[in-house]
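Report on the structure
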Amino acid sequence: MTDRRNPISPAGDLCAKIQFAHCPRCGRAGLAGRGDSAVHCRACGFVYYHSTVAAVVGIVEHDHRIVVTRRARDPHKGEWAIPGGFVEPGETLEKALARELKEELSLEIDQCAYLASFASEYLYRGVLYFPIVAYFTCPMGDIGALRPKDDVDQYRLVPAAQLLEEELAFDADRRALRAYGQQTD
């Protein structure tokens, strides 16, 4: 995987990047990259497309500060991130964002506005995923219900200008923070 402090690397050898050694259908070794986002099994002909997955992140704004969360689980357990997660099948980006903020912080969002999206890499249990992460701003008047839950063990409210990029676990969060800063300047 690329260094977590650097932007995403070119595709390269997909088989090596996703670390699949055996075919998901027949179990034999011998997977080969095809030069696109797919690998194929030389034994049974199965083709697996390792496509981009969708993720959403909410920049929760309150009283000129934003919420950052400390991750309770790997990857990057104990590190800080902007709250969000993966989109589940059948969800819109907005529904996924509402679900994630409810699951992680007990927050009910009334409104959100699209900010930007960034390509990313996410290594989980030895498999490298390639999410496209959509960032939204979520202004919140009342955050009395804010409680860390699920994948979050702690949160803090920080003026965005004072949040150091190197504190964030994910490169996409750092790029979103820059975009957010440009929007609010």
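Residues numbered from 1 in each chain as written. Predicted model: local features only at pLDDT ≥ 70, side-chain atom pairs only at ≥ 80, totals over all residues. Heavy atoms only, no water.

1. Re the overall build of the protein chain
- The secondary structure content of the protein chain amounts to 3 helices and 12 strands.
- On the principal axes, the C-alpha backbone points of the protein chain span a range of 60 × 30 × 25 Å.
- When the 185 residues of the protein chain are sorted by exposure, 42% land in the buried category.
- Contacts in the protein chain between residues far apart in sequence, at least 24 positions, make up 60% of those at least 6 positions apart. (Helix = DSSP H or I, 4+ residues; strand = E, 2+ residues; numbered from the N terminus. Buried < 20%, exposed > 50% of the residue type's maximum accessible area, 1.4 Å probe, protein only. Contact = heavy atoms within 4.5 Å.)

2. Section: unusual backbone geometry
- Here the bond from aspartate 74 into proline 75 is cis, since omega is 5°, no more than 30 degrees from zero.
- Tracing the backbone shows proline 75 in the loop between β5 (65-71) and β6 (80-81).

3. Describing the sheet that holds strand β2 (residues 38-41)
- Judged by pairing direction, the sheet is antiparallel, and its 3 strands sit side by side in the order β1-β2-β3 without closing on themselves. Each edge of the open sheet carries a strand with a single partner, namely β1 (31-33) and β3 (47-49). Sheet twist, expressed as the average angle between the axes of neighbouring strands with direction ignored, equals 25°. (Pairing = 2+ DSSP bridges. Axes fitted to C-alpha atoms, helices over the stretch in contact; angles between N-to-C directions.)

4. Describing the pattern of salt bridges
- Evaluation of the coordinates by the stated rule reveals 12 salt bridges.
- Here glutamate 108 makes a salt bridge to lysine 102, at a shortest N to O gap of 2.8 Å.
- Among the residues examined, lysine 102 registers a relative accessible area of 36% and is labelled partly exposed.
- Linking aspartate 171 and arginine 175 is a salt bridge whose minimum nitrogen-to-oxygen distance equals 2.8 Å. Of this pair, aspartate 171 and arginine 175 both sit in helix α3 (residues 171-184), 4 residues apart, which is roughly one turn of that helix.
- Residue classification places arginine 175 among the buried residues on the basis of a relative accessible area of 18%.
- Bridged by salt links that share partners, the residues Glu88, Glu91, Arg99, Glu100 and Glu103 form one connected network. (Salt bridge = Lys/Arg side-chain N within 4 Å of Asp/Glu carboxyl O.)

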